[in-house]
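Geometric and topological summary
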Amino acid sequence: AQSVAQPEDQVNVAEGNPLTVKCTYSVSGNPYLFWYVQYPNRGLQFLLKYITGDNLVKGSYGFEAEFNKSQTSFHLKKPSALVSDSALYFCAVRDEGTYKYIFGTGTRLKVLA
Amino acid sequence: EPEVTQTPSHQVTQMGQEVILRCVPISNHLYFYWYRQILGQKVEFLVSFYNNEISEKSEIFDDQFSVERPDGSNFTLKIRSTKLEDSAMYFCASSGLAGYTDTQYFGPGTRLTVL
């Protein structure tokens with residue numbers, strides 16, 4: 001069965017520094033991977049996805065993610081963090097042969113001024 | 001930019017009561033979903049719906065749950081007899097016709113509190 005793991009419950013980073021939010025996956029077929037962000041009292045906002053092609057995927061708000069097949073990782077990155085990036089970030093994978101998304105447990109990002 | 005909307009934003013109900021959560025998906029989307037997130041836990045899939053029928057459902061989606069697209073715009077989730085453990089944030093999502101590669105867009109959620 002497909003799964004994703006987010007090993008860090010919380011990541012703290014200083015404003016202006018690069019940030020990384022980690023995600024590893026386990027799939028039996030082609031990985032369809034997604035990142036979403038959840039601000040307080042808001043829904044899940046789509047950031048980016050990897051389906052095929054270039055391993056570096058660029059998304060909304062300056063975020064990008066690197067698909068690494070050998071390490072089965074799909075880490076979310078941003079070169080320079082903003083305080084407004086503070087939120088809950090979810091990695092997700094589409095379950096094989098279905099439309100169902102399987103979400104990770106989420107990582108709370110705190111960007112300190 | 002089109003978005004998924006949900007009403008109400010917060011619903012409080014007594015155990016055993018029926019609730020209906022409403023969603024308006026993005027207008028040209030054809031696949032619809034419900035997910036839930038119990039406080040502090042991960043987002044879990046409940047059901048997907050296409051062409052006026054359920055495509056797949058999780059083990060959470062038992063006989064107490066039902067979904068309906070009563071008209072061309074709304075998509076509803078009904079819980080027939082709510083339990084305390086149904087308290088959660090319920091998210092509606094929709095996606096278009098690109099198949100498995102398409103992105104699901106989520107609404108802001110309805111927080112359901114069962115007392």
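All chains use their own residue numbering, which begins from 1 and follows the written sequence. Both sets of labels track the order of writing: A upward for chains, 1 upward for ligands. Only residues with pLDDT of at least 70 are given local features in this predicted model, and only at 80 or more are side-chain atom pairs given and counted; all residues enter the totals for whole chains, interfaces and linings. Each side-chain value is worked out from all heavy atoms of the structure, with water and hydrogens disregarded.

This part takes up unusual backbone geometry. Here the residue pair B:Thr7 and B:Pro8 is connected by a cis peptide bond, since its omega of -10 degrees sits within 30 degrees of zero. Numbered from the N terminus, helices here are DSSP runs of H or I no shorter than four residues, and strands are runs of E no shorter than two. Mapped onto the elements, B:Pro8 comes out in the loop between β1 (5-7) and β2 (10-13). Even without glycine at this site, A:Tyr61 takes up a positive phi of about 55 degrees. Of note, the phi angle at B:Asn51 is positive, near 55 degrees, even though the residue is not glycine. Throughout this description, buried means an accessible area under 20% of the type-specific maximum (1.4 Å probe, protein chains only), exposed means over 50%, and partly exposed covers the range between. For B:Asn51, a relative accessible area of 60% corresponds to the exposed category.

Here we come to a nonpolar patch on the surface. Each patch is built from salt-bridge-free residues with over 30% relative accessible area, joining like charges within 9 Å and nonpolar side chains (Val, Leu, Ile, Met, Phe, Trp, Tyr) within 5 Å. Only the protein chains shown count as cover for residues, and all accessible areas are computed by the Shrake-Rupley method using a 1.4 Å probe. In what follows, salt bridge is the name for a side-chain nitrogen of Lys or Arg lying within 4 Å of a carboxyl oxygen of Asp or Glu. Among the surface-exposed residues, B:Leu30, B:Tyr50 and B:Leu97 lie close enough to one another that they form a single nonpolar patch of about 280 Å² accessible area. Looking at the element boundaries, B:Leu30 is found in the loop between β3 (19-24) and β4 (31-37).

Another aspect to go through is the packing of aromatic side chains. Each aromatic pair joins two rings of Phe, Tyr and Trp (for Trp, the six-membered one) with centres within 6.5 Å, and gets the label stacked for planes under 30 degrees apart, edge-to-face for over 60, and tilted for any other angle. Throughout the structure, instances matching the rule amount to 23 aromatic pairs over all chains. A centroid spacing of 5.8 Å and a plane angle of 20 degrees characterise the contact between A:Tyr25 and A:Phe67, whose relative ring orientation is stacked. With A:Tyr25 in strand β4 (residues 24-26) and A:Phe67 in strand β8 (residues 64-68), this residue pair connects regions lying 42 residues apart in the sequence. Of the two residues examined, A:Tyr25 and A:Phe67, each falls in the buried class. Geometrically, the ring pair formed by B:Tyr35 and B:Phe106 is tilted, given 5.2 Å between the ring centres and 55 degrees between the ring planes. Pair noted here: B:Tyr35 is in strand β4 and B:Phe106 is in strand β10 (residues 105-106), with a separation of 71 residues, a long-range link. An aromatic cluster is built from A:Phe34, A:Tyr36, A:Phe46, A:Phe90, A:Tyr101, A:Phe103, B:Tyr33, B:Tyr35, B:Phe45, B:Tyr105 and B:Phe106, whose rings are joined through pairwise contacts.

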